[in-house]
Amino acid sequence: MNSVRQVTRHHVEPGRADMGIKITAQGPYGQGGDQSQYVVTAGAEALCHVQFQQGNPAEYGVNGVSLEALLAICLDRLDHLQRGAYANPYNEHARLDIERAIESLNDRVREREWRRSIPSET
């Protein structure tokens, strides 16, 4: 089932500090209950389109970006901000949380691979 919905988690208060950025999730829901397409706009201008991986890349090939890749972009930007004139404790806290998020997602993959390596009992 195709669905279009607005994502508003980036709003501080309506019209304040969100720069009028609108995020729309769209497309069908996947097996995990997720949507794989997001469009980011500001007014009438499309800023970017994000297509997430759908299904196991070993089965379906690489057809989108991973959460880890997008988090790595955010982490890289915060790393550089922390080395410049805009360094502050809030950026550092966000940077550490993103590092933790990436590690948690990597742990998920490691566990999945570990489970596959265990011989099944029949």
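None of these values were measured; they are calculated from a predicted model.

Draft legend 1. Representation of the pairing of strand S4 (residues 45-51). Direction of pairing for strand S3 (residues 35-42) relative to S4: antiparallel, over a ladder of 6 bridges. Each residue of the ladder has a partner; that of Tyr-38, found in S4, is Val-50. Joining the antiparallel neighbours S3 and S4 is a turn of 2 residues, in which Gly-43 adopts a positive phi near 65°.

Draft legend 2. How the structure looks around the packing of aromatic side chains. Applying the stated rule across the entire model yields 1 aromatic pair. For the pair Tyr-38 and Phe-52, a centre-to-centre distance of 5.7 Å together with 85° between the ring planes defines the contact as edge-to-face. Of this pair, Tyr-38 sits in strand S3 while Phe-52 sits in the loop between S4 and helix H1 (57-60), placing them 14 residues apart in sequence.

Draft legend 3. Layout of the pattern of salt bridges. Taken as a whole, this structure holds 8 salt bridges when the rule is applied. Between Glu-103 and Arg-110 there is a salt bridge, and its shortest N-O distance comes to 2.9 Å. Under the relative-accessibility criterion, Arg-110 is labelled partly exposed at 43%. When the shortest N-O distance is used, the salt bridge between Arg-110 and Asp-107 registers 2.7 Å. One end of the pair, Arg-110, and the other, Asp-107, are both in helix H3 (residues 89-117), 3 residues apart, so they sit about a helical turn from each other.

Each value, and the rule that gives it
- Residues numbered from 1 in each chain as written.
- Predicted model: local features only at pLDDT ≥ 70, side-chain atom pairs only at ≥ 80, totals over all residues.
- Heavy atoms only, no water.
- Pairing = 2+ DSSP bridges.
- Helix = DSSP H or I, 4+ residues; strand = E, 2+ residues; numbered from the N terminus.
- Phe/Tyr/Trp six-rings, centres within 6.5 Å; stacked < 30°, edge-to-face > 60°.
- Salt bridge = Lys/Arg side-chain N within 4 Å of Asp/Glu carboxyl O.
- Buried < 20%, exposed > 50% of the residue type's maximum accessible area, 1.4 Å probe, protein only.

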